[in-house]
Amino acid sequence: MMLRSRNSYLGQQSGANTHLTFWNHWAQYQERILSCCYKWLHNDSDRIDDAMAQTCEKAFHAYSQDAESIENMFAWLCRIAHNVCMDIHRLNSKENDLVYLVSGNPSQFYFTEKRSHSLENDYEVECLYQKLTTAIDQLPADLKQAIQYKFIYEMGYPEIASQLQISQENARKRVQLARKKLSALQASYRAQD
């Protein structure tokens, strides 16, 4: 039992030394690796920051697993950084190809909204729509036509006036009255709920 705990303690000490050794190497070569990344990524500072972070993370994990097999620390870190930079180039190239493809053929692609509607929201919208259509049906015929032309058919006041054979001022007034009546009906619906 004493032997096992001593070995685990020595393993922890060895792991701590390995980590400390890696960070010493990283600090020693970080500036040189950074200048290589600047060259490989054409001075794109956002991508360079990503590349350095990924390089450090990958190198740390690899060094923790097999530090003894590394003969030339700078060359090893440089190879990891180069591979990361090339992966970033490939990813960027794929993204650019996709953007070019989509922007070249927008009718072939369907994009959804950034957020999805919940079922509760859809239900509320449906209920509101039903209440609104019921309320519009209860309006007098002249007001009903004016509000339908304005908000369902999206006509301007000159078109509404032409359709109803009234002046533009009367068309505006009818839409105004219809909206007031709908507001009153909405208030009575809220009171019932």
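(A) Region of interest: the overall build of the chain. Helix and strand counts for the chain come out as 7 helices and 0 strands. When each of the 193 residues of the chain is scored for burial, the buried share is 25%.

(B) Quick look at the nonpolar core. Of all hydrophobic cores here, the largest spans 26 residues; its most connected members are Phe 22, Ile 33, Cys 37, Ala 51, Met 73 and Leu 77. Elements supplying a minimum of two residues to this core: helix H1 (2-40), helix H2 (45-66) and helix H3 (73-104). At 9 residues, H3 tops the list of elements feeding residues into this core. Not counting the four nearest positions on each side in its chain, Cys 37 is found in contact with Ile 48, Ala 51, Met 52, Ala 81 and Cys 85. Counting 17 residues, the second largest nonpolar core, distinct from the first, contains Leu 143, Met 155, Tyr 157 and Ala 171.

(C) Region of interest: the packing of aromatic side chains. All chains considered together, the criterion is met by 8 aromatic pairs. Note on Tyr 63 and Trp 76: the rings are 6.3 Å apart at their centroids and 55° apart in plane angle, and the pair reads as tilted. Of the two residues, Tyr 63 sits in helix H2 while Trp 76 sits in helix H3, which places them 13 residues apart along the sequence. You can call Tyr 63 buried: its relative accessible area is 8%. Over the aromatic face of Phe 74 sits the side chain of Arg 32, whose NZ or CZ is 3.8 Å from the ring centroid. Residue placement shows Lys 150 over the ring face of Tyr 157; its charged tip is 4.4 Å from the ring centre.

(D) Representation of the confidence of the model for the chain. Scored by pLDDT, the chain comes out at a mean of 81, with 80% of its residues at no less than 70. Averaged pLDDT values for the elements of the chain fall to 73 in H1 and rise to 92 in helix H6 (residues 157-164). This stretch, residues 1-13, has a pLDDT under 50; its non-local contacts, to residues over four places away or in other chains, come to 0 contacts.

(E) Molecular detail of helix H5 (residues 141-152). The end-to-end C-alpha separation of H5 is 15 Å, in line with the 16 Å expected for 12 residues at 1.5 Å each. By the burial criterion, the buried members of H5 are Leu 143, Ala 146, Ile 147 and Tyr 149. One side of H5 carries all its buried residues, which in axial view fall inside an arc of 160°. Residues of H5 that are exposed and point over 90 degrees away from its buried face: Ala 141 and Ile 152. Positioned one or two residues after H5, Glu 154 has a phi angle of 55°, which is positive.

(F) Representation of the environment of His 61. One can find His 61 in helix H2. With relative accessibility at 46%, the residue His 61 sits in the partly exposed group. Taking C-alpha positions, His 61 is 9.7 Å from His 19, a pair spaced 42 residues apart along the chain.

(G) How the structure looks around the side chain of Thr 55. Assignment of secondary structure puts Thr 55 in helix H2. Once residues within four sequence positions are removed from consideration, Thr 55 is found in contact with Trp 26, Leu 77, Ile 80, Ala 81 and Val 84.

(H) Structural context of the packing of H5 against H6. Direction vectors running N to C along H5 and H6 enclose 145°, while the axes themselves pass 10 Å from each other. When you trace H5 past H6, the crossing you get is right-handed. Contact residues: H5 offers Gln 145, Ala 146, Tyr 149 and Lys 150, while H6 offers Tyr 157, Ile 160, Gln 163 and Leu 164. Partitioned by chemical class, the residues of the contact of H5 with H6 number 5 nonpolar, 2 polar and 1 charged.

Criteria and cut-off values
- Residues numbered from 1 in each chain as written.
- Predicted model: local features only at pLDDT ≥ 70, side-chain atom pairs only at ≥ 80, totals over all residues.
- Heavy atoms only, no water.
- Helix = DSSP H or I, 4+ residues; strand = E, 2+ residues; numbered from the N terminus.
- Buried < 20%, exposed > 50% of the residue type's maximum accessible area, 1.4 Å probe, protein only.
- Core = buried A, V, L, I, M, F, W, Y, C linked by side-chain atoms within 4.5 Å.
- Contact = heavy atoms within 4.5 Å.
- Phe/Tyr/Trp six-rings, centres within 6.5 Å; stacked < 30°, edge-to-face > 60°.
- Lys NZ or Arg CZ within 6 Å of the ring centre and 35° of its normal.
- pLDDT = per-residue confidence, 0-100.
- Expected span 1.5 Å × (residues − 1).
- Arc of directions from axis to C-beta.
- Axes fitted to C-alpha atoms, helices over the stretch in contact; angles between N-to-C directions.
- Left-handed = near helix turned anticlockwise from the far one by under 90°.
- Nonpolar A, V, L, I, M, F, W, Y, C, P; charged D, E, K, R; others polar.

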